[in-house]
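Commentary on secondary and tertiary structure
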Amino acid sequence: MSWLAHQALAAPEGHWDELRGLTLAPTAQEQASDAHMSSAWQTFIDHVAGEGLQGLNVRMKNLQRQVRDNGITYNVYAAADQPQRPWSLDLFPLMVPEANWQQIEAGVLQRMQLLERIMADAYGPQKLVLDGHLPAALIQGHPAYLPAMHGVPPVGGRYLSVAAFDLARGPDGCWWLLSQRTQAPSGLGYLLENRLIVSRLFPQAFEAFPVKRLAETYRTLIDGIKARSPAGASAHIALLTPGPYNETYFEHAYLARYLGLSLVQGNDLTVRDEKLYLKTLQGLQPVHGLLRRVDDDWLDPLELRADSTLGVPGLLQAVRSGNVLVANTPGSGFLESNALLGFMPALARDLLGEELQLPAIPSWWCGEAAALKDVLPRIGSCVIKPTYPYNTDRHSFEPVLGHQLSRREQDEWAGRILRDPDAFTLQSWLPLSHQPTWQTRVDGPSESQAAIESRPVVLRVFAVADAQGGWQVLPGGLARLGTREGIASMQRGGSSADVWVQASSAEAAEGGALADDGVRAQTGTAQRLVPGDNTPRAVLATQTQSSVPMAPSQSQSQSQSQSQSQSPSQQPSAKVLAQRQRLVTSRAAENLFWMGRYTERTENTLRLVRLSLEILNSENQNQPQLLNFITQMATRHGLVRPGVPAAALSHRVFERSLIAGLWDKKLATSVGFNLRSVRLAAASVRERLSPEHWRLLEQAELRFFNSVASDNSQDTVEVQGLLAETSQMLAALTGAQTDRMTRDDGWRLLSIGRHIERLEFLSSALSSAVQGGLIGEQAGFDAVLDLFDSTISFHAQYQQSRTPQALLDLLVTNPDNPRALGWVAHTLRSRLLRMGNLADGVTLPLAGLVPRLVDLTPEALWPLDCRADAIWTTSVQPLPLHAALADCQTAARHVSDQLCGLFFTHSGEARFSFVS
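This structure is a prediction, so every number in the text was calculated from the model and none was measured.

Along the backbone of the chain there are 30 helices and 22 strands. In the chain, which comprises 916 residues, the proportion classed as buried is 57%. By sequence separation, contacts in the chain at least 24 residues apart represent 71% of the contacts at least 6 residues apart. In the form shown here, the chain has an accessible surface area of approximately 36200 Å², with 50% of it arising from carbon and sulfur atoms.

The next thing to look at is the environment of Arg802. Among the secondary structure elements, Arg802 is positioned in the loop between helix H25 (791–798) and helix H26 (804–811). Here the alpha-carbon distance between Arg802 and Glu777, two residues 25 residues apart in the chain, equals 9.2 Å. Arg802 has contacts with Gln778, Phe781, Asp782, Phe794 and His795, leaving out every residue within four places of it along the chain. Among the polar contacts made by the side chain of Arg802, one reaches the side chain of Asp782 at a distance of 3.0 Å.

Moving on, we come to the sheet that holds strand E10 (residues 283–286). In space, the 3 strands of this open sheet follow the order E8-E9-E10, with antiparallel pairing throughout. What marks the edges here is a single partner per strand, and that holds for strand E8 (269–272) and E10. Going from strand to strand, the sheet's axes swing by 45° on average, the running direction of each strand aside.

Moving on: the packing of aromatic side chains. Centre-to-centre distance and the angle between the planes together describe a pair of aromatic rings. Throughout the structure, instances matching the rule amount to 28 aromatic pairs. Ring centres of Phe794 and Tyr798 lie 5.0 Å apart, and the angle between their planes is 35°; this geometry places the pair in the tilted category. Placement of the pair is Phe794 and Tyr798 together in helix H25, with a separation of 4 residues, close to one helical turn. The residue whose ring lies beneath Arg676 is Phe705, and the NZ or CZ to ring-centre distance is 4.3 Å.

On to the pattern of salt bridges, then. Counted according to the given criterion, the structure contains 37 salt bridges. Ionic pairing is found between Asp296 and Arg292, a salt bridge with its closest N-O pair at 2.6 Å. Of the charged contacts, one joins Arg676 and Glu701 as a salt bridge, the two residues approaching to 2.5 Å between their closest N and O atoms. One end of the pair, Arg676, is in helix H20 (residues 671–683); the other, Glu701, is in helix H21 (residues 691–706), and 25 residues separate them in sequence. Across the pair, exposure class does not vary: Arg676 and Glu701 are buried alike. Through salt bridges that share partners, Arg597, Arg601, Glu757, Glu760 and Arg893 make up one connected network.

Right, let's talk about the sheet that holds strand E6 (residues 237–240) for a bit. Spatially, E7-E6-E11-E12 is the arrangement adopted by the 4 strands of the open sheet, whose pairing is parallel. Looking at the sheet topology across the chains shown, the edges are occupied by strand E7 (262–264) and strand E12 (325–327). Strand-to-strand, the axes of this sheet are offset by a mean angle of 25°, without reference to chain direction. Examined bridge by bridge, E6 and strand E11 (residues 289–292) share 4 bridges and lie parallel to one another. In the sheet register, Leu240 faces E11, and the bridge partner there is Arg292. Its contacts with the sheet put helix H9 (residues 249–259) on E6 and E7, and the angle it makes with E7 is roughly 150°.

Bringing the side chain of Thr726 into the picture now. Along the chain, the position of Thr726 falls in helix H22 (residues 716–739). Discounting chain neighbours no more than four positions away, the residues touching Thr726 are Leu606 and Phe704.

Counting buried residues along H26, 7 of its 8 residues qualify, which places the element largely inside the surrounding structure. Those residues of H26 that fall on the buried side of the exposure criterion are Pro804, Gln805, Ala806, Leu807, Leu808, Leu810 and Leu811. On the buried face of H26, the contacting elements are helix H23 (745–771), helix H24 (778–787), H25, helix H27 (821–834), helix H29 (858–861) and helix H30 (880–904).

Alternating positions in E6 separate into two faces, Ile237 and Leu239 on one and Ala238 and Leu240 on the other, with burial throughout. Relative to E7, E6 runs parallel, the two being bridged by 3 bridges. Opposite Leu239, over in E7, you have Leu263 as the bridge partner. Following the chain from E6 across H9 to the adjacent parallel E7, one finds a crossover that is right-handed.

Next up on the list: the packing of helix H18 (residues 624–636) against helix H19 (residues 651–660). The description of two packed helices rests on the angle between their axes and on the distance between the axes. The contact between H18 and H19 brings their axes to 12 Å, and the two run at 30°. With respect to the hand of their crossing, H18 and H19 are arranged in left-handed fashion. Contact with H18, carried on its side by Leu627, Ile630, Thr631 and Ala634, involves His651, Phe654 and Leu658 of H19 and no other residues of that element.

Where H25 contacts H26, the axes come no closer than 11 Å and their chain directions differ by 125°. Comparing their axes, H26 and H25 come out oblique. By crossing handedness, the relation of H25 to H26 is classed as right-handed. Residues Ser793, Phe794, Gln797 and Tyr798 of H25 touch H26, and the partners they reach there are Ala806, Leu807, Asp809 and Leu810.

So, on to H19. All buried positions along H19 are accounted for by His651, Phe654, Glu655, Ser657, Leu658 and Ile659. Where H19 is buried, its residues meet helix H17 (586–616), H18 and H22.

Now for the environment of Thr669. Topologically, Thr669 is positioned in the loop between H19 and H20. A sequence separation of 68 residues divides Thr669 from Arg601, and the C-alpha atoms of the two residues are 9.0 Å apart. If we skip the residues at most four places from it in the chain, Thr669 touches His637, Gly638, Leu639 and Asn674. There is a polar contact of 2.7 Å between the side chain of Thr669 and the backbone oxygen of Gly638.

On to the state of the cysteines. Taken as a whole and judged by the stated rule, the model has 0 disulfides. Considering cysteine sulfurs only, Cys382 is the nearest to Cys366, which forms no disulfide, with 8.8 Å between them. Relative accessible area serves as the criterion here: at 1%, Cys366 is assigned to the buried category.

This next bit is on unusual backbone geometry. Both trends apply: most residues other than glycine have a negative phi, and most peptide bonds are in trans. Cis geometry is adopted by the peptide bond preceding Pro210, which originates at Phe209 and carries an omega value of -20°. Take Pro210: it is sitting in the loop between helix H7 (203–208) and helix H8 (215–228). The step from Ala327 to Asn328 runs through a cis peptide bond, and the omega angle for that step is 0°. Mapped onto the fold, Asn328 is located in the loop between E12 and helix H11 (344–352). A positive phi is found at Glu274, a non-glycine position, where the angle reads about 65°. Locating Glu274 in the fold gives a position in the loop between E8 and strand E9 (275–280).

To continue, consider the confidence of the model for the chain. Confidence along the chain averages 84 in pLDDT terms, with 83% of residues attaining 70 or more. No element of the chain has a lower mean pLDDT than helix H15 (residues 552–565), which averages 38, and none a higher one than strand E22 (residues 499–501), which averages 97. Contacts from residues 872–876, a stretch scored under 50 in pLDDT, to residues over four places away or in other chains number 12 contacts. A low-confidence stretch, residues 906–916 stays under pLDDT 50, and its non-local contacts, those more than four residues away or across chains, total 22 contacts.

Following the sequence through the fold, Thr220 ends up in helix H8. Within polar-contact distance, the side chain of Thr220 engages the side chain of Gln472 at 3.3 Å. Those residues within four positions of Thr220 in sequence are excluded, and the remaining contacts are Val464, Ala465, Asp466 and Gln472.

In terms of burial, strand E4 (residues 162–169) is a largely internal element, 8 of the 8 residues being buried. Burial of E4 is two-sided: the residues Val162, Ala164, Asp166 and Ala168 facing one way and the residues Ala163, Phe165, Leu167 and Arg169 facing the other way are all buried. As paired strands, E4 and strand E5 (residues 175–181) are joined by 6 bridges and run antiparallel to one another. By the bridge assignment, Ala164 is partnered in E5 with Arg181.

What counts, and where the lines are drawn
- Residues numbered from 1 in each chain as written.
- Predicted model: local features only at pLDDT ≥ 70, side-chain atom pairs only at ≥ 80, totals over all residues.
- Heavy atoms only, no water.
- Helix = DSSP H or I, 4+ residues; strand = E, 2+ residues; numbered from the N terminus.
- Buried < 20%, exposed > 50% of the residue type's maximum accessible area, 1.4 Å probe, protein only.
- Contact = heavy atoms within 4.5 Å.
- Areas by Shrake-Rupley, 256 points an atom, 1.4 Å probe, with all protein chains shown as cover.
- Polar contact = N/O pair within 3.5 Å; in protein donor to acceptor, adjacent residues only side chain to side chain.
- Pairing = 2+ DSSP bridges.
- Axes fitted to C-alpha atoms, helices over the stretch in contact; angles between N-to-C directions.
- Phe/Tyr/Trp six-rings, centres within 6.5 Å; stacked < 30°, edge-to-face > 60°.
- Lys NZ or Arg CZ within 6 Å of the ring centre and 35° of its normal.
- Salt bridge = Lys/Arg side-chain N within 4 Å of Asp/Glu carboxyl O.
- Right-handed = clockwise from strand over helix to strand, strands pointing away.
- Left-handed = near helix turned anticlockwise from the far one by under 90°.
- Parallel < 35°, antiparallel > 145°, perpendicular 65-115°, else oblique.
- Disulfide = S-S within 2.5 Å.
- pLDDT = per-residue confidence, 0-100.

In structure tokens:
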């Protein structure tokens, strides 16, 4: 075991060393490697020491690959055109012994009770202020206090459903409270991903520790919200997110998928008659509970920030009426003030009759004269923090470490505090404990150096309200790691670690076998543990038996056995089962529709560019009909800018313009623009996509844009190779959309979007080809087959019989060729008919607009007596094909416009509701 102790740097002087389980004195720094390791780390090393440092390096690479494969990101409000930043996770877990956890758990439960009492008094009798236990400036004077909620009893009898507590271990080895989060605390999703990844990398150590289970607390959270909501167990719960540009949007989508909640944005919801509804394809669906990830200020533009587009107008009134439970109740933000920590010991004695079991770092609110007089001379040993949050009219700033300030700077801060004492809170500086971390540095083009270094760590612990009126602490948490000099937030480059809480002997014996199954599920070959597209919403109910969530296949089989053992009274009601049908919000429907259209549009334009480049560099490059055709098609679809000479006039200018336009982000019709639009549409419905699906999207976009040269000097052969590779990835994406997504109404709209785009593009292309006289030439005939991706099928069925009738049989009337217009129209019609249950059957008339091409014969479209080089007319009358192709284009545009008006803008006939 000594190899780790020798390799790992000791914690700085005066900081607790998590590896060695003590605080080293200055004289002992040089002997740190000989210090005794903690029992938790001894157990851990017993199962990994044999591999040495190289084995850890391999595990770290696997960890980073898993983070990328799972699509775990944390963004700093990234712009749409910037890559998402991978989540930062360290290799080693933070291990908390059973005795330490008992102190943390008891202290957090006590503080949850205290916060609930304070919240109830602040929005009730306000005796704490009247009796002088709390200053009014920290309650009614706090910007996060909402007078509009005063006197409103909490829905379900609880103000707080979930809260987070940031803890740190001091030099004495005890855990201290640093801060608390009660509005919309983040981390519940990330810590679960951390557990899934790290426990897989160290399965033997994970079993031997042993580690407490996580999944039960997540079920407790949802069961508690449902029990307190107006509809009880059959309640519809949604997760409110600011949207895909939020820094923690991955977590929002992850939690919604894992917990079986509807992921919604503010514009997905509406308030009618003081009740909250979700806009869906099925109409307005009632929402009884809202797990929010939006801060108070942004929740309701009618009563709070008028410029908010993240909230729901009228939401506060719905809460006041008792018709919707919002977790947490709006107005809890004042509890997050650091100034409150100094009043907590006395409040615990007054409200609970108890001493606090979990101490907080000493805090002084400078608005209190006695506290100001006491602490101001010691400003150099304190941390200066704002009393009030950002985005308010009160003065706010980043925390400042007093010991890092010069004497002059300390005096300047003292002056600021004296001018506005209410806005400042001083806290004692606590040397944070240090956790071993695995650090890798690249020394050269191919070599990297790895080392074990210590980093300061803060532990975020979560408590949730249960259905019985109590609270439960999640047996784990999110460990945040900083630089060696101090803690860094995740926004500023910090990292994270899994948290292993040691289970008692009884807990380990009770859950041992099932925990083994959970770990084995992670270490198998098909290991994606996050519920994917086809995972039932009720899967969470089957995941409370193991230390980590089980794979969906295990969850489903266990769910079946549990269902068989239930008594009739325990079986879910028909109403609850019906509610498990996945709701499709109007926003999700619109994004799925355009995701389908942009995917198909990208494929079509890619194929058109590839065909054009092949023609321009082949023996057919001087055939005027072909050159006119690709010029007309490229111009119509915006692949070349206006004013570019036609291909027949200047081959190379046209070719270079065609290539340069591929990556043009400002050109709304370019391949790059369409490819990026696919990813942006998918980002808004990420909770519906499997990790593999999302990874395909990211990889396709990344490879496409990373290939562009700074001077746009791409070689034509290289460009053709890139386009072929991108086409292959889009083919895989088509497979994911076709066979890996649940076929609900949202998927049908995605499919409809693809078929509308395909019907319009191919009918337009065939029309141009016939009009340009391509059918009468072998090169033109083959070009049409290539554009329809049907060359192999044609040669297999018709060999060298290049007649117009054979071409139309394969590309127009064929019911089995997915690239044939007849098949596309038939599939589009069937999707519209399948959605006839929506909006009183408004899609049924749309299905009637789609031409029935499969009922026609090739001879009816192109009579046998008409020559192959005919353009549009026979000697007597126009070609019937002309009208059929025009009908296809008209139907595609009309169906698209009608669907947008019916389901996406909620206009006209879409204004209906099933709210009886």
